[in-house]
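Report on the structure
Spelled out, the chains give:
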Amino acid sequence: MMGKDEKIYVAGHRGMVGSAIVRRLQSEGYTNIITRTSKELDLRRQSQVEDFFAEVKPDYVFLAAAKVGGIVANNSFPADFMYENMIMEMNVIKSSFDNKVRKLLFLGSSCIYPRLAPQPMTESCLLTGALEKTNEAYALAKISGLKYCEFLNRQYGTDYISVMPTNLYGPNDNYHPDNSHVIPGLLRRFHEAKLSCEKEVVVWGTGRVLREFLYVDDLADACVYLMNSYSGNETVNIGTGKEVTIAELAETVKSVVGFNGKITYDTTKPDGTPRKLLDVTKLTNIGWTYKTELEEGLAMAYNDFISSNIRTER
């Protein structure tokens, strides 16, 4: 169990996941949360990371820092996604080991699983088949971080755990028109279409693929729970165990935003993996389940999008 006043370093605290973990820790009364901006600490620079850990000596580490993006960004810049994610995670994990961090939680992604893995995907299906080509570089980087934690545990007896979240959304998401994930991208497109009184919104792909979505504050709750209650070399999936088609998602976003036009699909854009549902049996057996249903979470995410636009305009 993490002590309320022990040093807890959250790497990537300005991102969607890291900021949610900070909120969760604060809500549970943790008082010694350590953060650094990328200007203060460039996790891609080994010497900076080594100096930081040697000086601060954190007791616990949540490794949420990552270069992330949607399907187009991943497919367009694979070298950048592979290098930056691998170098950041290796620097942080190695310095955690060198400075005797008590426990580390590494955040991966459900995209690490094979493209055509049996559904729902169990943790044991890792490396049993080919990856989805559109995010292969990011997946390989995340697999490397997961395996490095596993090998340190095996060789040195460390207590480093890895979790694999499903598709995430919520406060502090990236709403870039081209490089965002599906939910923030849809929220922005429907919102702008509503303001412009457009007659239709174009959704990328066929709309037929299935996806699972988890509100990011639920993920943060699961991460803090697992840091306090789980140890082991086996990865833990974090998700809802529920899935919707992209078409169903688009209709729900349309309703939440209040757009009155129609939806059309651009089938020249890639769909990605046909289906990507996590088996959350292990997580349920550990004692955790999600709380936020999709429509409720989308409404909160939309409010955050509106707020972020207001903050940007000021």
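Look a little higher up for the structure.
A brief report on the enclosed structure follows. (Residues numbered from 1 in each chain as written. Predicted model: local features only at pLDDT ≥ 70, side-chain atom pairs only at ≥ 80, totals over all residues. Heavy atoms only, no water.)

1. Description of the environment of Val-257
We apply this condition: Put simply, DSSP marks the helices as runs of H or I at least four residues long and the strands as runs of E at least two long, and each gets a number from the N terminus on. It only takes one pair of heavy atoms within 4.5 Å for two residues to be counted as in contact.
One can find Val-257 in helix α8 (residues 246-257). Expressed as a C-alpha distance, the spacing of Val-257 and Leu-186, which sit 71 residues apart in the sequence, is 9.8 Å. Other than its neighbours up to four places away in sequence, Val-257 contacts Leu-187, Phe-190, His-191, Lys-194 and Tyr-302.

2. Focus: the pairing of strand β4 (residues 103-107)
Quick note on the threshold: When a residue's accessible area, from a 1.4 Å probe over protein chains only, is under 20% of the maximum for its type it is buried; when over 50% it is exposed; and in between it is partly exposed. Here a crossover is taken to be right-handed if, once the strands point away from the viewer, the path from the first strand over the helix to the second is traced clockwise.
Judged by how many residues are buried, β4 sits mostly within the fold: 5 of 5 residues are covered. Burial of β4 is two-sided: the residues Lys-103, Leu-105 and Leu-107 facing one way and the residues Leu-104 and Phe-106 facing the other way are all buried. With respect to chirality, the unit in which β4 leads through helix α5 (residues 136-156) into the neighbouring parallel strand β5 (residues 160-165) is right-handed.

3. Brief notes about helix α7 (residues 216-229)
Put simply, the test is: Here, expected helix span is obtained from the residue count minus one, scaled by 1.5 Å.
For α7, built from 14 residues, the straight-helix expectation of 20 Å at 1.5 Å per residue is met to within 8% by its first-to-last C-alpha distance of 20 Å. Counting buried positions along α7 gives 11 out of 14 residues, so the element sits mostly inside the fold. Looking at α7, one finds that the buried residues are Val-216, Asp-218, Leu-219, Ala-220, Asp-221, Ala-222, Cys-223, Val-224, Leu-226, Met-227 and Asn-228.

4. Description of the sheet that holds strand β3 (residues 60-63)
Spelled out, the test is: Any two strands are treated as partners once DSSP identifies two or more bridges connecting them. Lines are fitted to the C-alpha atoms to define the axes, a helix being fitted only along its stretch in contact, and any angle between axes, read from their N-to-C directions, falls within 0 to 180 degrees.
Strand order across the open sheet formed by 6 strands is β2-β1-β3-β4-β5-β10, with parallel pairing between neighbours. Edge positions in the sheet fall to β2 (33-34) and β10 (236-238), since each has one partner strand and no second. The pairing of β4 with β5 spans 4 bridges and is parallel. From the neighbouring strand, Leu-104 faces β5, where its bridge partner is Tyr-160. Contacts between helix α4 (residues 78-98) and the sheet are confined to β3, β4 and β5, with β3 contributing the most and set at about 170 degrees to the helix.

5. A short note on the pairing of β3
Every second residue of β3 is oriented toward a common face, with Tyr-60 and Phe-62 on one face and Val-61 and Leu-63 on the other, all of them buried. One ladder, built from 4 bridges, connects β3 with β4; its direction is parallel. Across the sheet, residue Val-61 finds its bridge partner in β4, namely Leu-104.

6. As for the packing of helix α1 (residues 16-27) against α7
When two helices pack together, their arrangement is given by the angle between the helix axes and by the axis-to-axis distance. Convention followed: For classification purposes, an angle smaller than 35 degrees is called roughly parallel, one larger than 145 roughly antiparallel, one from 65 to 115 roughly perpendicular, and anything else oblique. Each crossing is labelled by how the near helix is turned from the far one, with a counterclockwise turn of less than a right angle marking it left-handed and a clockwise turn marking it right-handed. For this scheme, ten residues count as nonpolar: Ala, Val, Leu, Ile, Met, Phe, Trp, Tyr, Cys and Pro. Four count as charged, namely Asp, Glu, Lys and Arg, and the remainder, Gly too, count as polar.
Viewed as axis vectors pointing N to C, α1 and α7 meet at an angle of 60 degrees, and their least axial separation amounts to 8 Å. Here α1 lies oblique to α7, going by the angle between them. Of the two elements, α1 crosses α7, and the hand of that crossing is right-handed. For the pair formed by α1 and α7, the contact residues are Met-16, Val-17, Ala-20, Ile-21, Arg-23, Arg-24 and Leu-25 on the first element and Val-216, Asp-217, Leu-219, Ala-220, Asp-221, Cys-223 and Val-224 on the second. Partitioned by chemical class, the residues of the contact of α1 with α7 number 10 nonpolar, no polar and 4 charged.

7. Brief notes about the nonpolar core
As a reminder of what qualifies: Grouping buried Ala, Val, Leu, Ile, Met, Phe, Trp, Tyr and Cys residues that are joined through side-chain atoms within 4.5 Å yields what is termed a nonpolar core.
Core analysis: the biggest nonpolar cluster contains 38 residues, and Tyr-9, Leu-43, Phe-53, Ile-93 and Tyr-113 have the highest contact counts within it. Of all the secondary-structure elements, those providing two or more residues to this core are β1 (8-11), α2 (46-56), β3, α4, β4, α5 and β5. Broken down by element, this core gets its largest block of residues, 6 residues, from α5. When near neighbours in sequence (up to four residues on either side) are disregarded, Tyr-9 contacts Ile-34, Arg-36, Leu-41, Leu-43, Phe-52, Phe-53, Pro-58, Tyr-60, Val-61 and Phe-62.

8. Concerning the sheet that holds strand β11 (residues 244-245)
Spatially, 3 strands are ordered β11-β8-β13 in an open sheet, and the strand pairing comes out mixed. Taken across any chain shown, the strands that pair with only one partner, and hence form the sheet edges, are β11 and β13 (275-276). Direction of pairing for strand β8 (residues 210-211) relative to β11: antiparallel, over a ladder of 2 bridges. Residue pairing for β11: Arg-211 is matched across the bridge by Val-244.

9. Section: the pattern of salt bridges
Applied cut-off: Definition used for salt bridges: Asp or Glu carboxyl oxygen within 4 Å of a side-chain nitrogen of Lys or Arg.
Counted by the stated rule, this structure contains 19 salt bridges. Linking Arg-24 and Glu-28 is a salt bridge whose minimum nitrogen-to-oxygen distance equals 3.0 Å. Take Arg-24: its relative accessible area is 29%, and that puts it in the partly exposed class. Of the residues examined, Glu-28 reaches a relative accessible area of 26% and is grouped as partly exposed. Ionic pairing is found between Asp-266 and Lys-269, a salt bridge with its closest N-O pair at 3.2 Å. The class of Lys-269 is partly exposed, set by a relative accessible area of 29%. Ionic contacts of the salt-bridge type, sharing partners, join the residues Arg-24, Glu-28, Asp-221 and Lys-291 into one network.

10. Considering the environment of Cys-111
Within the fold, Cys-111 resides in the loop between β4 and α5. Put simply, Cys-111 and Tyr-138 are 27 residues apart on the chain and 8.1 Å apart in space, counted from C-alpha to C-alpha. Apart from the residues lying within four places of it in its own chain, the contact partners of Cys-111 are Leu-131, Asn-135, Tyr-138, Ala-139 and Lys-276.

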